[in-house]
Amino acid sequence: MVSVSVEKGDLANFDVEFFQKFDAVVISCCSLLTKKSVNAKCRKLPRRIAFYHVECRDSCGEIFVDLQNYSYSKKKNEETIECQLHCPSFEEAIAVPWRSLPKRMTKLYFAMRVIERFEVLERCNPGDTCADDLPNVLKLRKELCEAQCINESQIPDSLLERLLASEHEFPPVCAIVGGVLVQEVIKAISGKGDPLKNIFFFDATDGKGIIEDISNVNS
């Protein structure tokens with residue numbers, strides 16, 4: 001009971017007006033530059049558009065949420081209260097210095113950023129990496145950790161190797177991360193319930209889902 005249409009072309013080349021017809025935009029398997037570009041275009045429009053980026057690599061998944069300036073209602077003590085939420089853009093969130101992030105920040109956040117950066121430098125598509133890239137990725141990790149003043153132990157070799165060697169998405173992880181994503185899109189469109197704020201991570205090795213809030217770090 002859903003109408004589906006296809007737009008051909010490179011998503012990064014679609015103009016701002018293309019996104020005007022949507023209430024929510026969900027993108028996946030995109031380069032770092034495309035994530036930034038699409039999110040920025042959604043923010044340029046006069047009408048608020050919810051933006052989500054979702055990525056599943058091997059047994060890990062990540063959801064980024066940008067609701068811009070968002071008003072919603074929720075139930076508290078039998079009463080309905082109105083709430084306000086301000087979200088940073090994807091570019092603003094990942095630009096936060098790593099040393100400014102919470103000390104117990106999930107290691108998956110840093111690992112995802114390293115892989116993302118490696119793909120940009122190598123000009124390869126998400127998921128086109130392999131285990132043979134590990135030496136170069138470890139070199140990049142060392143450079144980034146030195147520049148960001150954090151210990152390399154925050155990004156374990158084993159985690160990077162898992163993310164690099166993932167030739168296929170892991171269906172159970174896609175199901176879990178996709179289920180969380182669907183709930184968040186419904187919340188954003190209905191304006192009811194506390195939204196995810198603002199990055200969700202899942203790792204099947206321990207079965208944990210973690211929400212990291214990077215929306216207030218800049219302040």
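These numbers come from a predicted model, not from an experiment.

### Observations regarding the overall build of the chain
Next up, step 1: Along the backbone of the chain there are six helices and seven strands.
Next up, step 2: Shown N-terminal to C-terminal, the secondary structure of the chain runs as helices and strands in the order β-α-β-β-β-β-α-α-α-α-α-β-β.
Next up, step 3: In terms of overall dimensions, the chain is globule-like: its C-alpha atoms have a radius of gyration of 18 Å, near the 17 Å expected for 219 residues.
Next up, step 4: Taken along the three principal axes of its C-alpha coordinates, the chain extends 50 × 45 × 35 Å.
Next up, step 5: Burial status across the chain gives 44% buried among its 219 residues.
Next up, step 6: Taking as baseline every contact in the chain between residues at least 6 positions apart, the subset at least 24 positions apart corresponds to 62%.
Next up, step 7: By element, 50% of the accessible surface of the chain is carried by carbon and sulfur atoms, the whole surface being about 12100 Å².
Next up, step 8: Across the chain, the 28 positively charged side chains and the 33 negatively charged ones have centroids separated by 5 Å.

### Some details on the layout of surface pockets
Next up, step 1: Roughly 290 Å³ of volume is contained in the largest pocket.
Next up, step 2: In terms of lining residues, the largest pocket is bounded by 16 residues, among which Thr106, Lys107, Leu108, Asp206 and Ile210 are the most central.
Next up, step 3: Within the residue set of the lining of the largest pocket, elements represented by two or more residues are α3 (107-122), α5 (157-164), β6 (199-203) and β7 (208-212).
Next up, step 4: With three residues, β6 is the largest single contributor of residues to the lining of the largest pocket.
Next up, step 5: Here the lining of the largest pocket is built from residues that sort into six nonpolar, three polar and seven charged.

### A few points about the pattern of salt bridges
Next up, step 1: Tallying each qualifying case throughout the model produces 14 salt bridges.
Next up, step 2: Within this structure, Lys35, Glu62, Arg113 and Glu116 form a network of salt bridges that share partners.

### A word on the state of the cysteines
Next up, step 1: Counted by the stated rule, this structure contains zero disulfides.
Next up, step 2: Among the cysteines around Cys29, which has no disulfide bond, Cys30 carries the closest sulfur, lying 7.1 Å off.

### Quick look at unusual backbone geometry
Next up, step 1: In this chain, Lys197 is followed by Asn198 through a cis amide linkage whose omega measures -10°.
Next up, step 2: Position of Asn198 relative to the elements: it lies in the loop between α6 (171-190) and β6.
Next up, step 3: The backbone of Gln68 shows a phi angle near 60°, a positive value even though the residue is not glycine.
Next up, step 4: When you line up the elements, Gln68 lands in the loop between β3 (60-66) and β4 (69-76).
Next up, step 5: Gln68 gets classed as buried once you look at its relative accessible area, which sits at 12%.

### Notes on the confidence of the model for the chain
Next up, step 1: Summing up the model confidence of the chain, the mean pLDDT is 92 and the portion of residues at 70 or higher is 98%.
Next up, step 2: Put simply, β4 is where the chain has its lowest mean pLDDT, 91, and β3 is where it has its highest, 97.

### Comments concerning the packing of α3 against α5
Next up, step 1: In contact at an axis separation of 10 Å, α3 and α5 are set at 50° when each is read in the N-to-C sense. One way to sum up the angle between α3 and α5 is to call them oblique. The crossing of α3 and α5 is right-handed. Seen from α3, the contacting residues are Lys107, Leu108, Ala111, Met112, Val114 and Ile115; seen from α5, they are Leu159, Leu160, Leu163 and Leu164.
Next up, step 2: Classifying every residue of the contact of α3 with α5 by side-chain character gives nine nonpolar, no polar and one charged.

### A closer look at the packing of helix α4 (residues 134-148) against α5
Next up, step 1: At a minimum axis distance of 10 Å, the contact between α4 and α5 shows a crossing angle of 130°. As the angle between them shows, α4 and α5 are arranged oblique. The interaxial crossing formed by α4 with α5 has right-handed handedness. Contact residues: α4 offers Leu134, Val137, Leu138 and Arg141, while α5 offers Asp157, Leu160, Glu161 and Leu164.
Next up, step 2: For the contact of α4 with α5, the residue count by class is five nonpolar, no polar and three charged.

Procedures and definitions
- Residues numbered from 1 in each chain as written.
- Predicted model: local features only at pLDDT ≥ 70, side-chain atom pairs only at ≥ 80, totals over all residues.
- Heavy atoms only, no water.
- Helix = DSSP H or I, 4+ residues; strand = E, 2+ residues; numbered from the N terminus.
- Rg over C-alpha atoms; globule rule 2.2 N^0.38 Å.
- Buried < 20%, exposed > 50% of the residue type's maximum accessible area, 1.4 Å probe, protein only.
- Contact = heavy atoms within 4.5 Å.
- Areas by Shrake-Rupley, 256 points an atom, 1.4 Å probe, with all protein chains shown as cover.
- Lys, Arg positive; Asp, Glu negative; His and termini not counted.
- Charge placed at Lys NZ, Arg CZ, Asp CG, Glu CD.
- 1 Å grid on protein atoms, 1.4 Å probe; cavity = no way out; pocket = protein on both sides within 12 Å on 5 of 7 lines; lining within 4 Å.
- Points joined across faces, edges and corners; volume = space filled by probe spheres on them.
- Nonpolar A, V, L, I, M, F, W, Y, C, P; charged D, E, K, R; others polar.
- Salt bridge = Lys/Arg side-chain N within 4 Å of Asp/Glu carboxyl O.
- Disulfide = S-S within 2.5 Å.
- pLDDT = per-residue confidence, 0-100.
- Axes fitted to C-alpha atoms, helices over the stretch in contact; angles between N-to-C directions.
- Parallel < 35°, antiparallel > 145°, perpendicular 65-115°, else oblique.
- Left-handed = near helix turned anticlockwise from the far one by under 90°.

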